[in-house]
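The residues making up each chain are set out below.
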Amino acid sequence: MSTNKHVCMEPSGVVMFDRHAFAARRIALALSVEDLAQAMSVAPSTIHRWESGANSPSLTTLVLAARHLRTSLLTLVRNDGSHGRRTAEAVAACLTDGSPDL
């Protein structure tokens, strides 16, 4: 079994994904759920589950989402000082040659 779906979760089970920021950014870009889902090659129901909080994307999928939403990875991750946030910061730095934003 892959542990990928748990990448955006703290060991305590607290999700670091900021579903409100995700939805707000999608809406600000006037992207429908269907359009974003198609661009990301996921089902629209997947986007609905992320935005409702029923599920969270993996960190890898969040990187892709940030690109489609034309925003930084860190915008889509709660800034709570958690291990998950620090992991996202490290990933963003690696993807941008040390820059804090993706």
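In what follows, the structure referred to is the one given above.
Along every chain, residues carry numbers that run from 1 in the direction the sequence is written. Confidence filtering applies because this is a predicted model: local features only for residues at pLDDT of at least 70, side-chain atom pairs given and counted only at 80 or more, and all residues used for totals across whole chains, interfaces and linings. Calculation of side-chain values draws on the structure's entire complement of heavy atoms; hydrogens and water are dropped beforehand.

1. Points about helix 1 (residues 19-28)
The periodicity of an α-helix, 3.6 residues per turn, causes residues three or four positions apart to be oriented the same way.
No. 1: Each residue is placed in one exposure class: buried if its accessible area under a 1.4 Å probe, protein chains only, is under 20% of its type's maximum, exposed if it is over 50%, and partly exposed if it falls in between. Each helix is a run of DSSP H or I of at least 4 residues and each strand a run of E of at least 2, with the numbering of both proceeding from the N terminus. Residues Ala21, Phe22, Ala23 and Arg26 constitute the buried set of helix 1.
No. 2: Note on contacts: a residue pair qualifies if any of its non-hydrogen atoms lie within 4.5 Å across the two residues. Of the surrounding secondary structure, the elements contacted by the buried residues of helix 1 are helix 2 (33-40), helix 3 (44-52) and helix 4 (59-68).
No. 3: The term polar contact refers here to a pair of N or O atoms within 3.5 Å; inside protein, the definition further demands a hydrogen-donor-capable atom paired with an acceptor-capable atom, and it admits residues adjacent in sequence only when both atoms are side-chain atoms. Among the residues of helix 1, the N-terminal cap falls to Asp18, whose side-chain oxygen and the backbone nitrogen of His20 are separated by 3.2 Å.
No. 4: Looking one or two residues beyond helix 1, the residue adopting positive phi is Ala30, at roughly 55°.

2. Examining the pattern of salt bridges
No. 1: Just to be clear on terms, a salt bridge is a Lys or Arg side-chain nitrogen sitting within 4 Å of an Asp or Glu carboxyl oxygen. Evaluated as defined, the whole model comprises three salt bridges.
No. 2: Note that Asp80 is salt-bridged to Arg78, the shortest N-O span being 3.0 Å.
No. 3: Taking relative accessible area as the criterion, Asp80 reaches 38% and is therefore assigned partly exposed.
No. 4: Classification of Arg78 by relative accessible area gives partly exposed; the value is 27%.
No. 5: Among the ionic pairs, Arg85 bridges to Glu89, the shortest N-O distance being 3.1 Å. On the criterion of helical spacing, the pair formed by Arg85 and Glu89 is a turn pair, its members being four residues apart in helix 5 (residues 83-95).
No. 6: Of the residues examined, Arg85 reaches a relative accessible area of 8% and is grouped as buried.
No. 7: Judged by its relative accessible area of 32%, Glu89 falls in the partly exposed class.

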